Structures are given as structure tokens and as C-alpha cells.
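Residue-level structural notes
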Amino acid sequence: MTLWRDDPDRAADALILSSLDELGLPSGDATALVTVDAGPGLRRTLFDERGFKGTAIVRRADVENPIPRNNPTPGEIGTFTLAFLRVPKSKAELEFTAHRLMGWLAPDSRIYIYGGNDEGIRSVPKRLASLGVAIETVAVHSHGRVLTLTRPVDLTRVKIQDIDWRITKDVEFAGARHVW
């Protein structure tokens with residue numbers, strides 16, 4: 001069994017931590033950083049050891065990370081020059097989060113998406129084709145990959161606001177049609 005099957009969170013943390021030097025990150029004094037559902041090892045390394053300034057955004061609530069009542073929207077918490085995203089299993093969640101991150105990033109900033117081959121990291125370029133940006137592999141280690149994409153200056157193809165993701169359906173209930 002690989003570490004990805006036994007403990008995917010630990011494997012993902014090990015992948016991104018072992019890849020940091022290959023990514024050519026700017027010095028901690030020069031840039032801010034936002035992490036999205038990154039493991040504690042990445043947050044500790046970037047913020048405490050390497051001196052990056054920034055914040056961690058919780059994408060999904062759990063016991064240790066309740067989502068605040070007023071989840072920040074792009075612009076409310078500042079503009080960042082780097083973002084790290086652990087690849088989600090859901091295509092919709094990946095698309096929503098990648099688009100949303102674009103709103104928090106300065107033009108020409110990078111998003112690093114990482115995860116295991118078994119988690120679907122190889123399909124990310126196809127799943128994010130709607131962004132219209134090049135996505136490249138920057139590191140490959142132990143059945144996992146780190147991909148990167150650059151935030152374009154032109155955001156016309158990017159859905160940043162929550163309302164941009166609204167989906168409505170006509171449903172029949174109690175003998176009448178309703179919009180849900």
C-alpha cells in the first residue's frame with residue numbers, strides 16, 4: 001500500500017513540503033500567502049519557518065475548522081501573491097475554489113494545486129479548462145504532483161462571486177412547479 005491510500009493527508013503534506021524548494025517561491029518578506037485547506041505542516045513551514053505573511057482560508061468546515069458566519073469574499077481580506085490548494089475530489093469544488101482564489105490573487109500570481117495521482121491530480125488541467133489558462137506540472141514525487149497556474153490579468157472568464165455559481169432548477173412539488 002502507498003502512503004496515499006493509507007494516509008492521504010500525510011502524503012499530501014509530505015508532497016508539498018518536499019516540493020517547496022523546487023517551486024522557486026519568492027522570499028517570505030516579499031509576498032503574502034493564502035493557503036486553502038492545506039495541511040498543518042505547510043501552514044507551519046510557510047508562516048512560521050519561512051516568514052510568509054497571509055492567512056489560511058477554510059474551504060470546508062469540520063470540527064477543528066468551522067467556517068465563519070461571514071465567509072470572506074475576494075477583496076475583504078487583502079490581495080495575495082501565492083495560493084496553495086489541495087486538490088478536492090469534486091470537480092465542482094475544484095472549479096469553484098480555483099475561480100474564487102483568482103479573486104484573492106494579484107495579477108500574474110500563482111496557484112499551486114497538489115495531490116495524489118489516486119486523488120485525480122492528473123485530471124486537473126482538463127477540469128479547469130474553463131479558466132482558459134495554462135496549467136503545468138512543476139513537481140512529481142511519490143505518486144503525487146504539484147501543478148501551477150498563473151492568475152490572468154483579464155478575469156472575464158473567471159467566476160469570482162458566490163452569485164456567479166448559483167444554479168436554479170425547476171421542480172414539481174405538491175402539484176405545482178417551483179424554482180429551486
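If you're wondering where the values come from, they're calculated on a predicted model, not measured in any experiment.

This next bit is on the confidence of the model for the protein chain. Here the protein chain averages 83 in pLDDT, and 81% of its residues register 70 or above. Put simply, strand 1 (residues 32–36) is where the protein chain has its lowest mean pLDDT, 67, and strand 6 (residues 144–150) is where it has its highest, 96.

At a minimum axis separation of 8 Å, helix 2 (residues 8–19) and helix 3 (residues 40–49) run at an interaxial angle of 25 degrees. One finds that helix 2 runs roughly parallel with respect to helix 3. Each of D13, I16 and L17 in helix 2 lies in contact with helix 3, whose residues at this interface are P40, G41, L42 and T45.

When the charged atoms of two side chains with opposite charge come close together, those side chains can pair. Evaluated as defined, the whole model comprises five salt bridges. Close ionic contact of R50 with D21 constitutes a salt bridge, the shortest N to O distance being 2.8 Å. On the criterion of sequence distance, the pair formed by R50 in the loop between helix 3 and strand 2 (53–57) and D21 in the loop between helix 2 and strand 1 is long-range, its members being 29 residues apart. The class of R50 is partly exposed, set by a relative accessible area of 35%. Given a relative accessible area of 65%, D21 falls into the exposed group. With its nearest N and O atoms 3.9 Å apart, the salt bridge here joins E172 to R177. Given the relative accessible area of 60%, E172 is considered exposed.

The rules behind these values
- Residues numbered from 1 in each chain as written.
- Predicted model: local features only at pLDDT ≥ 70, side-chain atom pairs only at ≥ 80, totals over all residues.
- Heavy atoms only, no water.
- pLDDT = per-residue confidence, 0-100.
- Helix = DSSP H or I, 4+ residues; strand = E, 2+ residues; numbered from the N terminus.
- Axes fitted to C-alpha atoms, helices over the stretch in contact; angles between N-to-C directions.
- Parallel < 35°, antiparallel > 145°, perpendicular 65-115°, else oblique.
- Contact = heavy atoms within 4.5 Å.
- Salt bridge = Lys/Arg side-chain N within 4 Å of Asp/Glu carboxyl O.
- Buried < 20%, exposed > 50% of the residue type's maximum accessible area, 1.4 Å probe, protein only.

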